[in-house]
Amino acid sequence: MASVFVRLLQAHQWVYERSDGRLGHRVLLGNPTLLLRTVGRKTGEPRVAALTYGRDGDDFLVTASNGGADRAPGWLANVKARPECAIQVGRERIAVTAKPTYPGDPEYLRRWTIVDGVNQGRYTDYQKLTARPLAVVVLTPTKRA
């Protein structure tokens, strides 16, 4: 069942990218989705990840859940190594600076509540699957790309 869900997510990202954002901003259950464009920390190659997001004022919030896996998603290591990246929301491309936050950060719980609400509580379910604290990554726009 998990492989079917992963394939649906991969197909969604493929459509989002190939349509240049005309299709794909909303996925499956209506979750808003952005494309996070990073550079691989080891390869230097461009990487793209489709992620559910929440809004906190001008900032975009994404969660490094990796479905509750014990290993964080690769894009998290990429933004830690190179915080200057870009997002695409629908057809709009925005340069951003990424900042991971974790439990213990004074704003973490408030941000967690935002993104978990957008994802209908799934991040809380994913957190129960792993001892790894799930980062909420704040994507702060630097300028429109």
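Quick note: structure is the one above.
Residues numbered from 1 in each chain as written. Predicted model: local features only at pLDDT ≥ 70, side-chain atom pairs only at ≥ 80, totals over all residues. Heavy atoms only, no water.

This part covers the overall build of the protein chain. The helix and strand inventory of the protein chain stands at 4 helices and 8 strands. The N-to-C order of helical and strand elements in the protein chain reads α-β-β-β-β-β-α-β-β-α-α-β. The C-alpha radius of gyration of the protein chain comes to 14 Å, within 12% of the 15 Å expected for a compact globule of 145 residues. Across the 145 residues of the protein chain, 42% fall into the buried class. (Helix = DSSP H or I, 4+ residues; strand = E, 2+ residues; numbered from the N terminus. Rg over C-alpha atoms; globule rule 2.2 N^0.38 Å. Buried < 20%, exposed > 50% of the residue type's maximum accessible area, 1.4 Å probe, protein only.)

Charged atoms that come close allow side chains of opposite charge to pair. Under the counting rule described, the total for this entry stands at 4 salt bridges. Of the charged contacts in the structure, one is a salt bridge between Arg-110 and Glu-107, with a shortest N-O distance of 2.6 Å. Look at Arg-110 and you get partly exposed, because its relative accessible area is 38%. Using a relative accessible area of 30% as the deciding quantity, one classes Glu-107 as partly exposed. Several salt bridges converge on common partners, so that one network encompasses Asp-56, Asp-105, Glu-107, Arg-110 and Arg-111. (Salt bridge = Lys/Arg side-chain N within 4 Å of Asp/Glu carboxyl O.)

Honestly, it's all geometry; don't read function into it.
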